[in-house]
Structure formats: C-alpha cells, structure tokens
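So you can see what is in the structure, the chains are spelled out below.
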Amino acid sequence: MTIETDLTLECELPEEGRERLPKWFAPDGTEIKPGQGGVNRIEVRQLSPFKTQLVVQSLEETDTGTYACQAGPHQETIAVLTRVPPKIEPFGGPVLLKVGQRTRLTCSVIRGDLPIEITWYKDDEVITDGNGLTIIDLGYSGALSLINAQLYHTAEYMCVAKNDVGSVNSTTPVIVTEPQCEPFCQNNGVCKQQICHCTERYSGIACEIPLPYLIQIEKLYDSPLHIGSEVILQCNVPEAGRNFDPKWYDANGDLIDVQSEGSGFGAGFGANFQRITTESLDRFSTLLTITLLMMEDSANYTCKAGPYEETFKLQVSEIPCEPLCLNSGQCIDGVCECPQQFVGSACETECKCLLKNIIY
C-alpha cells in the first residue's frame, strides 16, 4: 500500500456463531480503538453485531505490519506493507549562465523506497550523455552536469524520479546569455564575446564616438583649374570605420586604375606617359591625380568605399589672360587677341597707324 492513501479492512463472523463484535489489534498487539492515531485517522466501525471495519486514513510508513481481527479464541491476520513514492526537493529557481560557464543540476530525492530510477529531460526530450551534458548517478539521487554552456543549452530541464509505487518531477529553466560588455554598448552597438561591434557611424570601446564622416574627398590644390594645370584629390575613410580601400570611378562609372590617356602632347612626353593615375596611400586613403588638364576632363569623379560614395565635380576652364583683355580683346590660350585698332598685351593702346597712312 502506498503511503498517504486510505486502507480499509473488514472482519466478519458467522451469524450462527456465539461470538460477537470482532476486535482489531495493531502489529504491536495493542487493541485499536476508535479515535486512535489522531483525529479519527484510525477508526474501527461496527457495521453489524457480526461485522466490523478497520479504516486507516492517509497511511504512514509506521503503519506497516500485521493486523489481527479477533473474536473470542478465534483470530485472523493480514499483513500490510506500506510503500513510499519518491519525493524531490524542488529546484531553487532559474539558473542564469553566461556563455562558457558551467553548472550542475541536482535531483535530490529526499524520500522514497528503493530502487528509484531518475530520468532527465530537456524541453520534454530525454537527455543522454553528450553535447556538453553529462548524467551523474549519485545512488539515491542524480545530477546533470553542464560544462561550457552555450546559447543552445537554454531550455526547460526536468528531473523525473520513479519507483514501483509512484513518480514525481521537478523542473527549472536554464538561461544562457552572451557575456555583457563593460561598459555597455551604446548607439545600437551589439555585444559579442564581450566586445562591442558598432554600427558604421560610431566607434570606440562602447560605440560612444560618432565618426566625423563615412567617406570624404579632400582637395590638395589651391590654384584655379585650367587647361594644362594639375589636380590632386584625396579620398579618405575613417580608420575607426568598417569600410576600407576607397577607389575612384569616372563619370561613366568605370574604375580608374592607373589609367593612361596617352600624352597627346608630342614625343617629348614619352609613349608611357600616364596623365590620369590613382595611388593607394594606405587602407584609408587613395589619391586621384590628373595632370595637363584638358577641357574634356570636366566631369564628375566618384570615390566609393563599401556602400558609401562621394562625388566631386571637376570644372576645367581656359587659360586666363593676365591682365584681362580690354577693348573687346579675346583671350585665347592665355594671350589677348586685339581688334585692329588696339595693341598691347591687354589691348589697352589704341593704334593710329592707319590714320597716318591716309594723311601721307
């Protein structure tokens, strides 16, 4: 019989006999009387002059033994064996772990008749040794060892203890999280392996430093851009950013890679003269150089790094005349071409030569 259940025994005499009211005796030989063992936990009930009933409510382990029904010289016995189902000490609550930590879950059986079988479950699936989990037999109890916890170990773990008269279980959640970054990641940075991985616009240990730019074009010249002059542009990306090796593209979207346009200026420049070139200074800066500018060089030049780009509009002008041409003179290749009645480097002097010829 299982403890904490009720036991009912009946003792009956033949009606034609001489004996009446059979009595009940406990295993130690003492008579069981109504009210014994607490508030009527053990009770003898008279069903008739020839029949009595022994009722034991909520059996206890101490109720094990041989009970006797006796009437006069006659006696009948019955053996009662109480069995105790397992009882587990509940888990203390959720187990919180960081990746790489370890723990041991103990299924502590504090009561129950042997043999007791202990089974472990993870999210309702039976656990066997492996995948970082090891089952340990402690005889009367059991344990589950978790070494090097990983995110996939997060689950609901259950211990089931079972013997021939009952079973009981206890569950606890195990929650494994990534180790926190210190200081905490800011500006939507993500903590991985205790390192803040920042978005493209921030840097720093905690992603606390905003980047001044994602891509930048810097002019490395001061003089005006006109035919025959030189332009140098430097494309930069921040060293703390996530995009490297910026590259230059022409107006057609083609990569400029040490591109040669030929000299176009006579044999004195050599057959291998390269007028448009790019040069990588390091992983964060690239130069674009155009020498001996032509009018057709006026265009948009784009620098790209990763998903970002910046465009520079290059405008080439004719060679200016200094000083400026006067009296409707026209500047051609840096030289003033004057009307017939004016002369001088800036067409500033009126010519009277034709008038003198008419007088003579």
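About the cut-offs
- Residues numbered from 1 in each chain as written.
- Predicted model: local features only at pLDDT ≥ 70, side-chain atom pairs only at ≥ 80, totals over all residues.
- Heavy atoms only, no water.
- Phe/Tyr/Trp six-rings, centres within 6.5 Å; stacked < 30°, edge-to-face > 60°.
- Helix = DSSP H or I, 4+ residues; strand = E, 2+ residues; numbered from the N terminus.
- Buried < 20%, exposed > 50% of the residue type's maximum accessible area, 1.4 Å probe, protein only.
- Lys NZ or Arg CZ within 6 Å of the ring centre and 35° of its normal.
- Disulfide = S-S within 2.5 Å.
- Contact = heavy atoms within 4.5 Å.
- Pairing = 2+ DSSP bridges.
- Axes fitted to C-alpha atoms, helices over the stretch in contact; angles between N-to-C directions.
- Polar contact = N/O pair within 3.5 Å; in protein donor to acceptor, adjacent residues only side chain to side chain.

Looking now at the packing of aromatic side chains. According to the stated counting rule, one finds two aromatic pairs in the structure shown. Pairing F91 with W120 gives two aromatic rings, centres 6.2 Å apart and planes at 40°, and the pair type is tilted. Placement of F91 in the loop between β7 (87-88) and β8 (95-98) and of W120 in strand β11 (residues 117-122) is noted, with a sequence separation of 29 residues between them. Assessed through its relative accessible area of 17%, F91 is described here as buried. Owing to a relative accessible area of 1%, W120 belongs among the buried residues under this scheme. For the pair F244 and F284, a centre-to-centre distance of 5.7 Å together with 70° between the ring planes defines the contact as edge-to-face. Pair noted here: F244 is in the loop between β22 (231-236) and β23 (247-249) and F284 is in the loop between β24 (276-282) and β25 (285-290), with a separation of 40 residues, a long-range link. Judged by relative accessible area, which is 19%, F284 ranks as buried. Above the ring of Y249, the side-chain terminus of K304 is found at 4.7 Å from the ring centroid.

Turning our attention to the state of the cysteines. Applying the stated criterion across every chain, the model contains nine disulfides. Residue C181 pairs covalently with C191 via a disulfide, S to S 2.1 Å. Residues C181 and C191 are joined through a disulfide that is right-handed, its torsion about the S-S bond being 95°. Of the two residues, C181 is situated in the loop between β16 (166-177) and β17 (190-192) and C191 in strand β17; the sequence distance between them amounts to ten residues. Disulfide partner of C325: C336, at an S-S distance of 1.9 Å. The sign of the S-S torsion, about -100°, decides the handedness of the disulfide formed by C325 and C336: left-handed. In this pair, C325 sits in the loop between β27 (308-314) and β28 (330-332) while C336 sits in strand β29 (residues 335-337), placing the two residues eleven residues apart along the sequence.

Right, let's get into the side chain of S145. Relative to the helices and strands, S145 resides in strand β14 (residues 142-146). A relative accessible area of 13% places S145 in the buried class. Look past the residues within four positions of S145 in its chain and what remains in contact with it is T103, R104, G132, L133, T134 and I136.

Strands sit in the order β9-β14-β13 across an open sheet of three strands; the sheet is antiparallel. Lying at the two open borders of the sheet, with one neighbouring strand each, are β9 (103-107) and β13 (133-137). Neighbouring strand axes in the sheet, compared pairwise and without regard to direction, differ in orientation by 20° on average.

The next subject is the environment of E200. Here E200 shows up in the loop between β18 (195-197) and β19 (202-203). With 60 residues separating them in the primary sequence, E200 and Y140 have C-alpha atoms 57 Å apart. Those residues in contact with E200 that sit more than four places away from it in its chain are L211, L214, R242, N243, P307 and Y308. Here the side chain of E200 touches Y308 through a polar contact of 2.3 Å, side chain to side chain.

On to the environment of I88. Tracing the sequence through the fold places I88 in strand β7. Residue I88 is classed as buried on the basis of its relative accessible area of 8%. Spatially, the C-alpha atoms of I88 and E12 are 42 Å apart, while their sequence positions differ by 76 residues. In contact with I88, not counting residues within four places along its chain, are C107, S108, V109, I110, C159, A161, V168, N169 and S170.

Before going further, it helps to spend a moment on unusual backbone geometry. The amide bond that connects E182 to the next residue, P183, takes the cis arrangement and shows omega of 0°. Relative to the assigned elements, P183 resides in the loop between β16 and β17. Residue P323 follows E322 across a cis peptide bond; omega there is 0°. The topology assignment puts P323 in the loop between β27 and β28. Positive phi, normally seen in glycine, also occurs at N131, with a value near 60°. Inspection of the secondary structure puts N131 in the loop between β12 (125-126) and β13. A positive phi angle, near 65°, is found at N188, a position not held by glycine.

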